[in-house]
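Read off the chains here:
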Amino acid sequence: MKRPFAYLAGVGRCAPERILHNSEFAALGLETSDEWIVQRTGIRERHIAGPSETNTSMSAAASRVAMERAGVHAGELDLIVLGTASPDHLLPSTAVEIQAELGASRAAAFDISAACSSWLYGLIVAEGLMMSGNAETALVVGTEKLSAIVDWRDRSTAVLFGDGSGAAVLKRSKHGKGILSTYFRSDGNLAQLLHRRAGGAAQPFDAAALADRSFYIEMEGREVFKHAVRSMADACDRALDGAKLTGADIDLLIPHQANIRIIEATAKHAGIPMEKVFVNVDRYGNTSSASVPMALEEAMASGRVTDGSTVLLVAFGAGFTWASLVVRF
Ligand code: UT7
């Protein structure tokens with residue numbers, strides 16, 4: 001089917017109020033410093049959800065903004081695709097909780113588990129379901145409450161992650177706007193480099209998992225770093241090729257916000273100068289599935305994405321998974 005078929009009619013964002021600064025980790029008993037975190041990651045602070053803030057509440061807030069901007073009400077949604085690595089419950093999906101919260105009674109709702117690439121995977125799945133005639137209007141959400149699954153005693157991961165939600169409403173394309181190209185891949189051979197060993201059906205949560213803390217996120221940071229750079233670079237090339245464009249045609253690159261050094265390496269490979277790269281990792285840390293939609297919303301709100309902008313979205317995460325899209329606004 002001819003592209004662009006679907007466009008992002010409205011985008012919303014929600015971040016918890018509480019901001020945790022790098023300087024606060026010492027008081028939490030972690031042997032780290034603002035200097036180390038800024039130098040190695042570019043992160044200065046992140047938003048952390050309180051006990052009453054859930055993926056459902058943050059996603060509902062982000063979705064309501066996206067729906068209002070798109071001029072769509074909940075009853076018009078045919079589809080809710082939600083990406084997360086930290087679902088509110090293991091059963092049922094967080095997507096159905098959002099559906100109930102929004103009152104989107106006509107929608108089919110389900111979660112996607114592709115870690116930091118989930119929101120991009122979600123856009124690709126939603127576009128496909130629209131092309132095949134299964135949906136006219138879709139809501140695609142990326143949300144994380146990573147503070148609930150991070151080991152606050154592990155300095156190699158605790159300083160990296162943050163909470164938040166981003167959402168977009170997809171409608172049938174008009175005026176040539178929308179998704180111009182997509183690319184997504186995964187490699188399950190590398191799953192052990194970034195995972196949670198316990199808490200699932202293979203190794204259910206029990207006293208042993210509680211004692212050895214194996215239900216929290218574990219990551220081989222240096223290895224993940226190498227693969228992230230390689231895969232995001234490849235994903236940029238593929239999405240650009242798919243849209244028959246080069247880096248010079250891109251008005252803004254919005255990469256997954258994991259680490260400023262990964263972002264800089266990705267931009268360099270794609271031939272896109274840093275002035276054309278959106279960065280907010282300093283203020284949010286790594287919010288996994290929520291990272292790209294939150295960055296996109298900020299880019300739109302600050303006027304860096306306007307009518308006619310051509311934007312390259314790219315992400316990489318646990319699995320490993322990676323994905324990219326070129327979108328015209
Ligand atoms: O979301 C998608 C997936 N995630 C990512 O893309 C993250 C990819 N990885 C990274 O961003 C980086 O690898 C990290 C930021 C996680 C780590 O940076 P690095 O430059 O790769 O550091 P490293 O892991 O090689 O550790 C260097 C040193 C080690 O000490 P020794 O062995 O050299 O004595 C660590 O123990 O830094 C130490 N270290 C810390 N020191 C202070 C690790 N974490 C900390 C910390 N504060 N928070």
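Please refer to the structure placed before this passage.
What counts as what
- Residues numbered from 1 in each chain as written.
- Predicted model: local features only at pLDDT ≥ 70, side-chain atom pairs only at ≥ 80, totals over all residues.
- Heavy atoms only, no water.
- Buried < 20%, exposed > 50% of the residue type's maximum accessible area, 1.4 Å probe, protein only.
- Helix = DSSP H or I, 4+ residues; strand = E, 2+ residues; numbered from the N terminus.
- Pairing = 2+ DSSP bridges.
- Axes fitted to C-alpha atoms, helices over the stretch in contact; angles between N-to-C directions.
- Contact = heavy atoms within 4.5 Å.
- Salt bridge = Lys/Arg side-chain N within 4 Å of Asp/Glu carboxyl O.

(A) How the structure looks around helix α10 (residues 291-301). With nine of eleven residues buried, α10 lies mostly within the body of the structure. Within α10, the full set of buried residues consists of S291, V292, P293, M294, A295, L296, E297, E298 and A299. Backbone geometry just downstream of α10 places G303 in the positive-phi region, at approximately 80 degrees.

(B) Region of the structure containing the sheet that holds strand β12 (residues 310-317). Sheet architecture is open: four strands sit in the order β8-β13-β12-β11, paired in mixed fashion. Both outer strands of the open sheet, β8 (178-186) and β11 (252-255), are each paired with one neighbouring strand and no more. Looking at each pair of strands side by side, their axes are set apart by 10 degrees on average, direction ignored. Summarising the sheet, β8 and strand β13 (residues 321-328) pair through eight bridges and their orientation is antiparallel. Residue pairing across strands places Y183 opposite S324, the latter belonging to β13. In the packing of helix α4 (residues 118-131) onto the sheet, contacts are made with β8, β12 and β13, and the angle to β8 comes to roughly 120 degrees. Packing of α10 onto the sheet brings it into contact with β11 and β12, and relative to β11 it is tilted by some 150 degrees.

(C) Representation of the pattern of salt bridges within the structure. Evaluation of the coordinates by the stated rule reveals 14 salt bridges. Here E24 makes a salt bridge to R18, at a shortest N to O gap of 2.8 Å. Taking the relative accessible area as the measure of exposure, E24 reaches 22% and is therefore partly exposed. The shortest N-O distance in the salt bridge between D151 and R213 comes to 3.0 Å. With a gap of 62 residues between them, D151 in the loop between β6 (138-145) and α5 (155-158) and R213 in the loop between α6 (207-212) and β10 (218-219) connect regions that are remote in the sequence. A relative accessible area of 10% means that D151 is categorised as buried. Residues joined in a network through salt bridges with shared partners are R13, R69, R283, E297 and E298.

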